[in-house]
Amino acid sequence: DAGVIQSPRHEVTEMGQEVTLRCKPISGHNSLFWYRQTMMRGLELLIYFNNNVPIDDSGMPEDRFSAKMPNASFSTLKIQPSEPRDSAVYFCASSSGENSNQPQHFGDGTRLSIL
Amino acid sequence: AQSVTQLGSHVSVSEGALVLLRCNYSSSVPPYLFWYVQYPNQGLQLLLKYTSAATLVKGINGFEAEFKKSETSFHLTKPSAHMSDAAEYFCAVSRTGGGNKLTFGTGTQLKVEL
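What counts, and at which threshold
Residues numbered from 1 in each chain as written. Chains lettered and ligands numbered in written order. Predicted model: local features only at pLDDT ≥ 70, side-chain atom pairs only at ≥ 80, totals over all residues. Heavy atoms only, no water. Contact = heavy atoms within 4.5 Å. Buried area = accessible area lost by both parts, 1.4 Å probe. Salt bridge = Lys/Arg side-chain N within 4 Å of Asp/Glu carboxyl O. Polar contact = N/O pair within 3.5 Å; in protein donor to acceptor, adjacent residues only side chain to side chain. Helix = DSSP H or I, 4+ residues; strand = E, 2+ residues; numbered from the N terminus. Pairing = 2+ DSSP bridges. Axes fitted to C-alpha atoms, helices over the stretch in contact; angles between N-to-C directions.

A. Structural view of the interface of chain B and chain A. In this complex, chain B contributes 22 residues to the contact, which on the side of chain A involves 24 residues. Between chain B and chain A, roughly 1,700 Å² of surface is buried when both sides are summed, and carbon and sulfur atoms account for 50% of that area. The tally of links from chain B across to chain A stands at one salt bridge. Among the ionic pairs, Asp 56 of chain A bridges to Lys 101 of chain B, the shortest N-O distance being 2.7 Å. Between the two partners, chain B and chain A, sit five residue pairs in polar contact (both at pLDDT 80 or more). Counting residues per element, the ones that place at least two in the side of chain B that touches chain A are strand S4 (31-38), strand S5 (44-50) and strand S9 (87-95) of chain B.

B. Region of interest: the sheet that holds strand S6 (residues 56-58) of chain B. Residue and element names in this part refer to chain B. Pairing is antiparallel in the open sheet, where five strands are placed in the order S1-S3-S8-S7-S6. Looking at strand neighbours, the two that pair on one side only are strand S1 (3-7) and S6, the edges of this open sheet. In this sheet, adjacent strand axes meet at a mean angle of 20 degrees when their direction is disregarded. The pairing of strand S3 (residues 19-26) with strand S8 (residues 73-78) spans four bridges and is classified as antiparallel.

Quick look at the structure:
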């Protein structure tokens, strides 16, 4: 089975530009998570969805960040306008069911560099 | 709110030596606990999970962890380190009835030396 698929794997862009990160969760999983990982702050949960509905977006840093999940097989994380401090590795993860004993499965991440 | 604390951001062991990575949790309700491993330029991969069945949990790559309620600990061990074990390890907790949201520790970088 295919795992969580993220695209692009790498993104380099100039500050002020719009950035869109994409995620395809594992088929049948109904929870989806977006994380950001940096050396300074470690792994941070940005937002998570259950059955395509945002449940907790308290980790979204500011209004420049937005996330959508239009259907069960696709999600996007958008940054507009981007800033150098947004440079990080962004991970998407998915899990099945609503029981907290279900592990999350991670994609390989998108390494974002804002110049 | 639940949390985990990983003692030691960097651990170094010799190849063939015991690996011990420490994790203590805080939770007001019975927790579910997880260990993940992250290799360079990859996402996190599940090593093992504790879900209130056996307190000694065996995972992949020869790792295991023991849930000790009295010590609020879930330390990760491996009897004999291999060079390929060099990676970053994360402990995580979720709580009963809390959905699938995980709270991660700050990670421990394991270095394996010849």
